[in-house]
Amino acid sequence: MKRPQLDRTAIAPELRRLERRLMLRGMVSLGGLSLLSGCALDDEPAVERALARVMSLTDRAQALLFSRHRLAREFDASRITRPFPFNAYYGQDDVRTVDPAQWRLEVSGLVADRRPWSLAQFRALPQKRQITRHICVEGWSAIGCWSGVPLSVFLNRVGADLRAKYVDFHCFDDYSTSIDMATALHPQTVMVLDFDDRGLPAAYGAPMKVRIPTKLGYKNPKYLAAISVTNRFPGGYWEDQGYDWFGGS
């Protein structure tokens, strides 16, 4: 498929702001933030406002440059990281589990069919397999093999309003995150049922996680409990604490 041409004239102002952000990224420390914001570093509210403006610019620029036709790199099976590292905001001993037979995904928001979904129903949908790199905001990465239902297939099946702005995820470990609709419809965004060609283990998010290789790791929710399509900005667990909302990798 031929990739559509990017109208750089239309987004030139945002591109210039992005270039400025990249330049500033290296100096937002000590006097750099003061230079950026015009505020004293001991003025905490002003610093927070300046950082919020920078984060908002980052999100807007990433969204402008994102393309549903640009794929994350996929790898040969020989590149899979084994063992794949566990990562969460709690220790592995604190992983919560549910009975897969009893689990249901709650569906809400701007969708025609809000009935809960079982694992058996997901297994009956078309599946997609990918070997992609998980990139953590903490600086490490690992390659894994993930299989499941493309999120776009599920959204179409439940009659989601694809003109909506956001897809919001809530998890039974009290985690949450959200993505833009363009990312939700990206062909590599998958509702994962299997890891390494076997049922998804508890450590990696069973019974379901969402794999988004175009995003940083914190945008890939595990232990999925509910999904909602909305036009109201949803935020997320880490995003509400200051992380980039777009979170592109």
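See the structure printed just above.
Residues numbered from 1 in each chain as written. Predicted model: local features only at pLDDT ≥ 70, side-chain atom pairs only at ≥ 80, totals over all residues. Heavy atoms only, no water.

**Here's the deal with the nonpolar core**
At step 1: Judged by nonpolar contacts, the single largest core of 48 residues is most densely connected at Leu105, Phe122, Leu151, Phe154, Leu155 and Val167.
At step 2: Of all the secondary structure elements, the ones that give two or more residues to this core are helix 4 (119-123), strand 3 (141-150), helix 5 (151-157), strand 4 (166-171), helix 6 (181-184), strand 6 (190-195) and strand 9 (224-230).
At step 3: At 5 residues, the largest contribution of residues to this core is made by strand 6.
At step 4: Not counting chain neighbours up to four residues away, the residues in contact with Val167 comprise Leu155, Thr177, Ser178, Ile179, Met181, Ala184, Ile227, Ser228 and Val229.
At step 5: Counting residues in hydrophobic clusters, the runner-up holds 5 residues, among them Ile80, Ile131, Ile143 and Cys145. (Core = buried A, V, L, I, M, F, W, Y, C linked by side-chain atoms within 4.5 Å. Buried < 20%, exposed > 50% of the residue type's maximum accessible area, 1.4 Å probe, protein only. Helix = DSSP H or I, 4+ residues; strand = E, 2+ residues; numbered from the N terminus. Contact = heavy atoms within 4.5 Å.)

**Considering the packing of aromatic side chains**
Centre distance and the angle of the planes are the two values used to describe a pair of aromatic rings.
At step 1: Evaluated as defined, the whole model comprises 22 aromatic pairs.
At step 2: Residues Trp117 and Phe154 carry aromatic rings whose centres are separated by 5.1 Å and whose planes lie at 80° to one another, so their mutual orientation is edge-to-face. Taken together, the positions of Trp117 in the loop between strand 1 (106-109) and helix 4 and Phe154 in helix 5 put the pair 37 residues apart, joining distant regions of the chain. With respect to burial, Trp117 and Phe154 carry one shared label: buried.
At step 3: For the pair Tyr166 and Phe233, a centre-to-centre distance of 5.6 Å together with 75° between the ring planes defines the contact as edge-to-face. Of the two residues, Tyr166 is situated in strand 4 and Phe233 in the segment after strand 9; the sequence distance between them amounts to 67 residues.
At step 4: These aromatic residues form a ring-pair network of at least three members: Phe86, Tyr89, Tyr90, Tyr175, Tyr218, Tyr237, Trp238 and Tyr243. (Phe/Tyr/Trp six-rings, centres within 6.5 Å; stacked < 30°, edge-to-face > 60°.)

**Structural notes on the sheet that holds strand 5 (residues 176-180)**
At step 1: Taken in spatial order, the 4 strands of this open sheet run 1-9-4-5, and their pairing is mixed. At either end of the open sheet lies a strand with only one pairing partner, and these are strand 1 and strand 5. Each strand axis lies, on average, 20° off the axis of its neighbour in the sheet, ignoring direction.
At step 2: Relative to strand 9, strand 4 runs antiparallel, the two being bridged by 6 bridges. Across the sheet, residue Phe169 finds its bridge partner in strand 9, namely Ile227. (Pairing = 2+ DSSP bridges. Axes fitted to C-alpha atoms, helices over the stretch in contact; angles between N-to-C directions.)

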